[in-house]
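# Coordinate inspection notes
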Amino acid sequence: MPSVNTSLGHSRYDGFRATIRTVGTGVRGSRALTFEEAHDAMAGLLAGEVSDAQAGAFLIAMRIKGEQPDELAGMAQALRDATPRVRMVVERPLVACAGAYDGTADAPQLSLAAGVAAASCGAGVVMHCGDTLGPKYGTTVADVLAALGGPPRPTLSESRAMLERSGACVVHAGAALPGWSRLAELRNEIGLRGPVHSAEKLVDWFGARRFVVGHTHGPYAERLVGALERLGAERAVAVRGLEGSDVMRPGRPVAYERGNTLELPELLGARLRDGGGTEESAWLTCVALRGEGDDLLAHTVALSAGLRLYAAGLAPDPLRGAREARESLRDGRAASTLAALLTG
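Now for a quick tour of the structure. (Residues numbered from 1 in each chain as written. Predicted model: local features only at pLDDT ≥ 70, side-chain atom pairs only at ≥ 80, totals over all residues. Heavy atoms only, no water.)

Time to look at the overall build of the protein chain. Of regular secondary structure, the protein chain possesses 16 helices and seven strands. At 20 Å, the protein chain has a C-alpha radius of gyration in line with the 20 Å of a compact globule built from 344 residues. Sorting the 344 residues of the protein chain into buried and exposed places 55% on the buried side. Residue pairs in contact within the protein chain that sit at least 24 positions apart in sequence constitute 72% of those at least 6 positions apart. Surface accessibility of the protein chain: about 13800 Å² in total, with carbon and sulfur atoms responsible for 48%. When the 37 basic and 39 acidic side-chain charges of the protein chain are each reduced to a single mean position, those positions are 3 Å apart. (Helix = DSSP H or I, 4+ residues; strand = E, 2+ residues; numbered from the N terminus. Rg over C-alpha atoms; globule rule 2.2 N^0.38 Å. Buried < 20%, exposed > 50% of the residue type's maximum accessible area, 1.4 Å probe, protein only. Contact = heavy atoms within 4.5 Å. Areas by Shrake-Rupley, 256 points an atom, 1.4 Å probe, with all protein chains shown as cover. Lys, Arg positive; Asp, Glu negative; His and termini not counted. Charge placed at Lys NZ, Arg CZ, Asp CG, Glu CD.)

Moving on, we get to the packing of helix 5 (residues 69-82) against helix 12 (residues 220-230). It is at 8 Å that the axes of helix 5 and helix 12 come closest, and there the two elements cross at 55°. Viewed along their axes, helix 5 and helix 12 adopt a mutual orientation that is oblique. The crossing of helix 5 and helix 12 is right-handed. Packed against helix 5, whose contacting residues are Pro-69, Asp-70, Leu-72, Ala-73 and Arg-80, the element helix 12 presents Arg-223, Leu-224, Gly-226, Ala-227, Leu-228 and Arg-230 at the interface. Taken together, the residues of the contact of helix 5 with helix 12 sort by class into six nonpolar, one polar and four charged. (Axes fitted to C-alpha atoms, helices over the stretch in contact; angles between N-to-C directions. Parallel < 35°, antiparallel > 145°, perpendicular 65-115°, else oblique. Left-handed = near helix turned anticlockwise from the far one by under 90°. Nonpolar A, V, L, I, M, F, W, Y, C, P; charged D, E, K, R; others polar.)

Summarising the element assignment, Ala-270 is placed in the loop between strand 7 (260-261) and helix 13 (278-289). Ala-270 gets classed as partly exposed once you look at its relative accessible area, which sits at 21%. With near-sequence residues (within four places) excluded, Ala-270 lies in contact with Pro-250, Gly-251 and Leu-296.

What follows concerns the pattern of salt bridges. As enumerated under the stated definition, the model contains 24 salt bridges in all. One salt bridge in this structure joins Glu-71 and Lys-65, with 2.9 Å as the shortest N-O distance. Relative accessible area serves as the criterion here: at 0%, Glu-71 is assigned to the buried category. Between Arg-333 and Glu-324 there is a salt bridge, with its nearest N and O atoms 2.8 Å apart. For Glu-324, a relative accessible area of 34% translates into the label partly exposed. Salt bridges here are not isolated pairs; linked through shared partners, they connect Asp-102, Lys-136, Arg-193 and Glu-243. (Salt bridge = Lys/Arg side-chain N within 4 Å of Asp/Glu carboxyl O.)

Here we take up the sheet that holds strand 1 (residues 94-98). With mixed pairing, the seven strands of this open sheet are ordered in space as 3-2-1-4-5-6-7. Of all the strands in the sheet, just strand 3 (168-172) and strand 7 have a single pairing partner and so form its edges. Looking at chain direction, strand 4 (residues 210-214) and strand 5 (residues 235-239) are connected through five bridges and run parallel. Bridge assignment links Phe-211 to a residue of strand 5, and that residue is Ala-236. Along the sheet face, helix 8 (residues 156-166) touches strand 1, strand 2 (124-129) and strand 3 and points at about 170° away from the line of strand 3. Contacts between helix 14 (residues 295-312) and the sheet are confined to strand 1, strand 4, strand 5 and strand 6 (255-257), with strand 4 contributing the most and set at about 145° to the helix. (Pairing = 2+ DSSP bridges.)

If you walk through the whole model with that rule in mind, you get two cavities of 30 Å³ or more. Considered as a void within the structure, the largest cavity measures approximately 120 Å³ in volume. If you trace the largest cavity, you find 19 residues lining it, with Gly-99, Ala-100, Gln-109, Ser-111 and Val-141 closest to the centre. Only strand 1 and strand 2 provide two or more residues apiece to the lining of the largest cavity. No other element matches the three residues that strand 2 contributes to the lining of the largest cavity. A class-by-class count of the residues in the lining of the largest cavity yields seven nonpolar, 10 polar and two charged. Approximately 60 Å³ is the volume attributed to the second largest cavity. Lining the second largest cavity, in full, are Leu-59, Ile-60, Arg-63, Arg-187, Ile-190, Leu-192, Arg-193, Gly-194, Pro-195, Val-196 and His-197. Where the lining of the second largest cavity is concerned, the elements lending two or more residues are helix 4 (52-65), helix 10 (180-190) and helix 11 (195-199). (1 Å grid on protein atoms, 1.4 Å probe; cavity = no way out; pocket = protein on both sides within 12 Å on 5 of 7 lines; lining within 4 Å. Points joined across faces, edges and corners; volume = space filled by probe spheres on them.)

In structure tokens, the structure reads:
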């Protein structure tokens, strides 16, 4: 646990109370945690070594203060340290993909469609999420997987099998990451997003060193990419996606990498038709991957898949990756990859 904080004057607070004091004493008194302090704080939360009252105070204080890249990196490293390591037999560049764990409520959840399309073109795509989570309580990629006949809460062994047979998989943090579910319940009680909502997107499932992560607010692009680079990512791209997901907004797609906003085609004014909910998202996923979707649906899925191919190093830029992904929707590769993923 973190040691006594002496930077804020004399204090008898020790342990986690000192950590709360560090981040929760206002604009003048607070400071950012170091990588090590953030790591230890998250490790304590996961291990259940922190009371609910202390955990709630810390999460709210961090929400008000705002996270810095080193803090996110330290928390993500603690999540990574708690994750069981599983041997893999996959000769593909792995890309870990996640948007907001609270899902999409109004827009269709198309992360599975984008991941499968990218896998059909040679990438290894690890999509991760957790149980239905607030504040949005939207549809997750695991919800879509279950609606299509896959396991609703895949174990790590089931996720590994998916990845080995199809090149794509869904990882469920609640089933795979010890301590995540208890912490998720506490976060639901608080009702606000906090540092865990960002850090959990940065876990390197199955040893992935390439990342596509979604976010809602512009300033988080630099923070997320900075944290991933601090953790040694080979390539990290932050997407300001549909409802904070890792799927591009077709009208004005925005993706950021290492101080640069990527060049992406805009369809100004274009919006996907209302398609929120699990059943509708699952149906649109099948339609898109069979090559039967309208042009806007196909464009959205292909462009998001193209970004994954770029992150994997299999395309020189997202647009050329999107062209390859669009072809996989037409020639049946994407549909075949979905069938392989669901065949357990």
